Amino acid sequence: MSSVATPDSSAELPVADEHAHEHPGEKTYLKIAVILAVLTALEVATYPAEDALGSAVIPILLVLMVIKFWYVAAFFMHLKFDSRMFSWVFIAGIVTGAACYLAVLATFEFFG
Amino acid sequence: MAETTTAAAVGYDPATHVGGHPTSTGISNNKMAMWVFLGSECMLFGGLISTYLLYKDRVPEGGISPRDVFDIPFTSASSFVLLMSSLTMVLALAAIQKADHRRFRLWILTTALLGSTFIAGQIYEFTAFYREGLGFTTNIFGSAFYTLTGFHGVHVTIGIIMLLSLLVLSIRGRLSEERSEAVEIVGLYWHFVDIVWILIFTIIYLIP
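Residues numbered from 1 in each chain as written. Chains lettered and ligands numbered in written order. Predicted model: local features only at pLDDT ≥ 70, side-chain atom pairs only at ≥ 80, totals over all residues. Heavy atoms only, no water.

**Here we look at the overall build of chain B**
Applied cut-off: Only runs of H or I of at least four residues qualify as helices and only runs of E of at least two qualify as strands under DSSP, and these elements are numbered from the N terminus. Burial here depends on accessible area, computed with a 1.4 Å probe over protein chains only, as a share of the maximum for the residue type. Under 20% is buried, over 50% is exposed, and the range in between is partly exposed. In what follows, residue pairs with any heavy atoms lying within 4.5 Å of each other are defined as contacts. The Shrake-Rupley method, run with a 1.4 Å probe, gives the accessible areas here. Residue values count only the displayed protein chains as cover.
For chain B, the count of helices and strands is seven helices and zero strands. Taken from N to C terminus, the helices and strands of chain B fall in the order α-α-α-α-α-α-α. Within chain B, the proportion of its 208 residues that are buried is 53%. Counting only contacts in chain B whose residues sit at least 6 apart along the sequence, the fraction spanning at least 24 positions is 79%. Surface accessibility of chain B: about 8,700 Å² in total, with carbon and sulfur atoms responsible for 64%.

**A short note on the side chain of Ser 76 of chain B**
One can find Ser 76 of chain B in helix H4 (residues 72-97). For Ser 76 of chain B, a relative accessible area of 8% translates into the label buried. Once residues within four sequence positions are removed from consideration, Ser 76 of chain B is found in contact with Val 44 of chain A together with Phe 201 of chain B.

**Looking at the confidence of the model for chain B**
Residue and element names in this part refer to chain B. Basically, it comes down to this: Note on scores: pLDDT gives the predictor's confidence for each residue, bounded by 0 and 100.
When pLDDT is averaged along chain B, the result is 89; 89% of the residues meet or exceed 70. For chain B, per-element mean pLDDT is lowest for helix H1 (residues 2-9), which scores 48, and highest for helix H5 (residues 101-131), which scores 97. Residue range residues 1-7 is modelled with pLDDT below 50. Its contacts to residues more than four positions away, or to other chains, number 17 contacts. pLDDT under 50 marks residues 10-19. Its contacts with residues more than four places away, or in other chains, come to 27 contacts. Across the whole predicted complex the pTM is 0.85, and at the interface the ipTM reaches 0.86.

**Observations regarding the packing of aromatic side chains**
We apply this condition: Each Phe, Tyr or Trp ring (for Trp, its six-membered ring) is paired with any other whose centre lies within 6.5 Å, and the angle between the two planes then decides the class: stacked below 30 degrees, edge-to-face above 60, tilted in between.
This structure, assessed with the given rule, holds 26 aromatic pairs over all chains. An aromatic cluster is built from Tyr 52, Phe 70, Phe 118, Phe 126, Phe 129, Phe 141, Phe 145, Tyr 146, Trp 197, Phe 201 and Tyr 205 of chain B, whose rings are joined through pairwise contacts.

**Looking at the nonpolar core**
In plain terms, the rule: In plain words, nonpolar cores are sets of buried Ala, Val, Leu, Ile, Met, Phe, Trp, Tyr and Cys residues tied together by side-chain atoms within 4.5 Å. Each domain span listed reflects an automatic or database assignment of domains.
Core analysis: the largest hydrophobic core is formed by 85 residues, its most contacted members being Leu 38, Phe 70, Phe 104, Phe 145, Ile 204 and Tyr 205 of chain B. Put simply, the parts of the chain that give this core at least two residues each are helix H1 (26-45), helix H3 (57-76) and helix H4 (84-111) of chain A together with helix H2 (29-55), H4, H5, helix H6 (140-171) and helix H7 (180-206) of chain B. Among the elements that make up this core, the one with the highest residue count is H7 of chain B (18 residues). Counting the residues that make up this core, at least three belong to each of domain 1 (26-81) and domain 2 (83-111) of chain A.

**Things to note about the packing of H5 of chain B against H6 of chain B**
All names here are of chain B. The following threshold applies: Lines fitted to the C-alpha atoms define the axes, with helices restricted to the stretch that makes contact. Angles between their N-to-C directions range from 0 to 180 degrees. Working definition: roughly parallel below 35 degrees, roughly antiparallel above 145 degrees, roughly perpendicular at 65 to 115 degrees, and oblique for all remaining angles. Definitions for this section: a left-handed crossing has its near helix turned counterclockwise from the far helix by less than a right angle. A right-handed crossing has that turn clockwise.
The interhelical angle for the contact between H5 and H6, taken along N-to-C directions, is 155 degrees, at an axis separation of 9 Å. When the axis of H5 is compared with that of H6, the two are roughly antiparallel. Here H5 and H6 pass one another in a crossing that is left-handed.

**Observations concerning the domain arrangement of chain A**
Segmentation of chain A into domains returns domain 1 (26-81) and domain 2 (83-111). The gap between the C-alpha centroids of domain 1 of chain A and domain 2 of chain A is 22 Å.

**Quick look at the UniProt feature "transmembrane region" (unreviewed entry) in chain A**
Quick reminder of the rule: UniProt positions are given in the numbering used here, feature names are shortened, and annotations may be inferred rather than shown by experiment.
Taking the UniProt record as the reference, the feature "transmembrane region" (unreviewed entry) is found at residues 53-76 and 88-108 of chain A. Between the end C-alpha atoms of residues 88-108 of chain A the distance is 30 Å, and the span holds 100% helix and 0% strand.

**Details of H6 of chain B**
Residue and element names in this part refer to chain B. Cut-off, in case you're wondering: Helix span, as expected, comes to 1.5 Å for every residue beyond the first. Any N or O atom pair separated by 3.5 Å or less is treated as a polar contact, with the protein-specific requirement of one donor-capable and one acceptor-capable atom, and with residues adjacent in sequence counted only for side-chain atom pairs.
Helix length check: H6 (32 residues) gives 47 Å between terminal C-alpha atoms against 46 Å at 1.5 Å per residue, within 8%. Taking the backbone nitrogen of Phe 141 as reference, a side-chain oxygen 3.1 Å away marks Asn 139 as the first, capping residue of H6. Gly 173 sits one or two positions beyond H6 and adopts a positive phi of about 75 degrees.

**Quick word on the environment of Thr 149 of chain B**
Residue and element names in this part refer to chain B. Inspection of the secondary structure assignment puts Thr 149 in helix H6. The class of Thr 149 is buried, set by a relative accessible area of 1%. Along the backbone, Thr 149 and Gly 187 are 38 residues apart, and their C-alpha atoms lie at a distance of 21 Å. For Thr 149, the contacting residues outside a window of four places in its chain are Gln 122, Phe 126, Trp 197, Ile 200 and Tyr 205. Separated by 2.8 Å, the side chain of Thr 149 and the backbone oxygen of Phe 145 make a polar contact.

**Some points on the environment of Thr 117 of chain B**
All names here are of chain B. With respect to the element layout, Thr 117 can be found in helix H5. Given a relative accessible area of 43%, Thr 117 falls into the partly exposed group. In this structure, the C-alpha to C-alpha distance between Thr 117 and Val 81, residues 36 residues apart in sequence, is 7.5 Å. Among the polar contacts listed, one links the side chain of Thr 117 to the backbone oxygen of Leu 113, at a separation of 2.8 Å.

This is how it looks when you write it as structure tokens:
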């Protein structure tokens, strides 16, 4: 059981052909685009209704933002259909980016 | 084989993959490289957004603040244009995977035009803000705002150059359906700049 790829063993290795993945069809892409457009309209609608919504406006906007983010990443970037390794690499970047924000925030809070 | 075990651990099914170059994980090295790059870009934009959030309220008394200059209806239209460019990008990918080169060129050109419209809107917005008195060095809010949105604009511009390169390759007959992974990789980059704008639009423009 060797883990080293040699010319002789390469034929046994799993091979990459991303087209073999079952990516969504054009109809699904159009449905996602309509959902994204509706979510954007809802986001913009919070702007004139800011006073009426009060403190609820921030969580509403954050939830809408996360849903839009997920739809684009999952369907347009195919994370829902491709190898989970891509998702982990992307999530690692997002978590490190968020950690960067928290670290800078903490620095400003204590030393700013 | 250890390689097959590794592939199974990441949810990859080698049985569905035929053709292409063998790799130790069973997934495309080029695609993985783009995802690693996008992961590092998350950290770049995480840093820029953090800087903006920390500095946006540090405006001197009587100085120009975000709410004085932002034109939400205009930026909403720009955001919608960039969002729809993600749709035309996936339609371009679907077209080339079906070897429909005419539709691929149509959609990839549409994506580039939508991206250019977004950049034109950003240039207009920057010009309007400058005329209202908000320059790069006017206050710390201005510096953080222009740095963040400017970096994003540069990313969109690089994306447009890549889209037009794909269009030229296709017209010259050097982009066959077998090489559609190149389109998918450029598409990942394009969707990423769209995702970053989804965050910027909400966090910078809409959240009070």
